[in-house]
Amino acid sequence: MGKAKKAQGTGGAAAAVERLVRPTVEGMGLQLWDVRFEKEGPDWFLRVLIDRDTPLDTDTCEAVSRAIDPILDEADPIQQSYYLEVGSPGLGRRLTRPEHYQALKGQKCLAHLYRPDSQGRREVSGLLEGLQDGIVTLAAPDGPVAFPLEAASYVKLCDDEDLF
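Report follows, based on the coordinates. (Residues numbered from 1 in each chain as written. Predicted model: local features only at pLDDT ≥ 70, side-chain atom pairs only at ≥ 80, totals over all residues. Heavy atoms only, no water.)

On to the sheet that holds strand E5 (residues 108–113). The pairing of strands in a sheet comes from backbone hydrogen bonds and takes either a parallel or an antiparallel form. Read from one edge of the open sheet, five strands run E8-E7-E6-E5-E9, paired in antiparallel fashion. Edge strands, defined here as strands with exactly one partner in the open sheet, are strand E8 (143–148) and strand E9 (152–157). The sheet shows a mean angle of 40° between the axes of neighbouring strands, taken without regard to direction. Looking at chain direction, strand E7 (residues 135–140) and E8 are connected through six bridges and run antiparallel. Following the sheet pairing, Ala139 is matched in E8 by Pro144. (Pairing = 2+ DSSP bridges. Helix = DSSP H or I, 4+ residues; strand = E, 2+ residues; numbered from the N terminus. Axes fitted to C-alpha atoms, helices over the stretch in contact; angles between N-to-C directions.)

The following block contains the structure:
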């Protein structure tokens, strides 16, 4: 669903879009997982990631795209041209918000650290215990692992391990 759009302002663009589209997405019985405004090569992409308890299909993504398109046209929250994409966060989804850490407690996650920890590891995995006061805790096989959220380049769900 890549339709070229023209809009206003990049600072806080994702947050502005989130405020605009959240009521519509949730009104359709879906969860708004994330909104990302990303540059790839010469192009900008506004990605609205949706989720629900049952698998998503392209018809649902298309319906959301059609529902939020006029809202974005009217509010015009982004300055430059961009492509609107509505999709699922998919397998191996990244945890980018505090509510993600709450919703995925008890699930296996992987964190990639910017610098090795005290045991020389740059990747740690385990069952997510949560995020509290900026500290992520995983229950690893050899004991709990805790690190500041800002020490990780990403934390993602490990729901794709059995596929490969």
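Turning our eyes to something else, we now look at unusual backbone geometry. Even without glycine at this site, Asp76 takes up a positive phi of about 50°. Within the secondary structure layout, Asp76 lies in the loop between helix H2 (58–75) and strand E4 (81–87). Its relative accessible area of 23% is what places Asp76 among the partly exposed residues. For Asp133, which is not glycine, the phi torsion reads 55° and is therefore positive. Secondary-structure assignment places Asp133 in the loop between strand E6 (123–132) and E7. On the basis of relative accessible area, Asp133 is assigned to the exposed category, the value being 75%. (Buried < 20%, exposed > 50% of the residue type's maximum accessible area, 1.4 Å probe, protein only.)

Here we take up the side chain of Thr60. With respect to the helices and strands, the residue Thr60 is situated in helix H2. Excluding residues that lie within four positions of it along the chain, Thr60 makes contacts with Leu30, Ile50 and Arg52. (Contact = heavy atoms within 4.5 Å.)

Another aspect to go through is the pattern of salt bridges. When charged atoms on two side chains of opposite charge get close, those side chains can pair. Per the stated rule, a full pass over the model turns up 13 salt bridges. The closest approach of N and O atoms between Glu99 and Arg97, which form a salt bridge, is 3.9 Å. On the basis of relative accessible area, Arg97 is assigned to the buried category, the value being 12%. Through salt bridges that share partners, Glu18, Arg22, Glu26, Asp34, Arg36, Arg97 and Glu99 make up one connected network. (Salt bridge = Lys/Arg side-chain N within 4 Å of Asp/Glu carboxyl O.)

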